[in-house]
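# Fold and geometry: a report
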Amino acid sequence: MSIDAGTYTLGPDQAALTVKTGKIGAAAKAGHNLVIAVTAWEATVQVGADGIPAGIALTADASSLEVLEGSGGMQALGDEEKASIKQSIDDEVLKRTAIEFRSTAITPGDEPGRLHVEGELELGGTHRPIAFELALAPDGAITGSAIVTQSAWGIKPFSILFGTLKVADEVEVAVSATLRPG
C-alpha cells in the first residue's frame, strides 16, 4: 500500500458518514427507507509504518443527523417530514446521547485490500463490541459499512401508527473517505 504512516483526520468536509434504515410492519408500504447524513463528526485514523491502519476513533454528534432521501412510501418526503424525522431521532431514538467508536483490533481481511475492524461502540449510553469490514485502496480510499442492531444498544426502533410501521431494528452505517496527508 502507498499510504504514508501518520495520523489522518476525517470529517464531513472530506468524507461521508451515512445511516441507512429500512421499514417493517403491516403498514410498511406507507413508510420510507431512509438515507441519513451525519453532518457533525470527526474520525482519526492512525496508519502504521506498513501503510495499514492501526487504530480508528470516531465521535459523532447525535443531533446532527439530517435526512437526505427517502425511498418507497406512499408519497415523497418533503422538508416538513424530514424535519419531523430529525426531531424524532433527537427526542425519541438517540436522545442526543454520545456516539463514539474506538477500534481495539485491525487485522487483514480475507481478501487483499480488506481490513477486519473490531472495536467498541457507544450508542444510546450503552457500550458494546462491534466488528465490520473496510476496503482500503492503494490511493487511500476507504469504504465500508457496519450493521448496527438498535435493540442491542437498548434503543427501541422508532414506530408510528400503533406499531404497524416501524424502522427496522438493523440499520447500516456506511463510510466513504480518502486518507490524505493533512
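See above for the structure.
Residues numbered from 1 in each chain as written. Predicted model: local features only at pLDDT ≥ 70, side-chain atom pairs only at ≥ 80, totals over all residues. Heavy atoms only, no water.

## Quick look at the environment of Gly22
Tracing the backbone through its elements, the reader meets Gly22 in the loop between β2 (16-21) and β3 (23-24). Assessed through its relative accessible area of 18%, Gly22 is described here as buried. For the pair Gly22 and Lys166, spaced 144 residues apart in sequence, the C-alpha separation works out to 8.5 Å. (Helix = DSSP H or I, 4+ residues; strand = E, 2+ residues; numbered from the N terminus. Buried < 20%, exposed > 50% of the residue type's maximum accessible area, 1.4 Å probe, protein only.)

## With respect to the sheet that holds strand β12 (residues 159-160)
The strand order across the open sheet built from 3 strands is β3-β13-β12, with neighbouring strands paired in antiparallel fashion. Looking along the sheet, the strands with just one partner apiece sit at the ends: β3 and β12. Alignment of β12 against strand β13 (residues 165-167), held across 2 bridges, turns out to be antiparallel. Counted as the bridge partner of Ile160 is Leu165 from β13. (Pairing = 2+ DSSP bridges.)

## Details of unusual backbone geometry
Phi is positive for Lys95, which is not a glycine, with a value near 50°. Tracing the backbone shows Lys95 in the loop between α1 (79-93) and β8 (99-108). The class of Lys95 is exposed, set by a relative accessible area of 54%. In this model, Arg96 sits at a positive phi of 60°, which is unusual for a non-glycine residue. Note on placement: Arg96 falls in the loop between α1 and β8. The class for Arg96 is partly exposed, based on a relative accessible area of 48%.

## Things to note about the packing of aromatic side chains
If you walk through the whole model with that rule in mind, you get 1 aromatic pair. Seen in terms of ring centroids, Phe101 and Phe132 are 5.5 Å apart; in terms of plane orientation they differ by 55°. Their pairing is tilted. Separated by 31 residues along the polypeptide, Phe101 in strand β8 and Phe132 in strand β10 (residues 126-136) bring together distant segments of the chain. Both residues of the pair, Phe101 and Phe132, count as buried. (Phe/Tyr/Trp six-rings, centres within 6.5 Å; stacked < 30°, edge-to-face > 60°.)

Keep in mind these numbers describe shape, not what the thing actually does.
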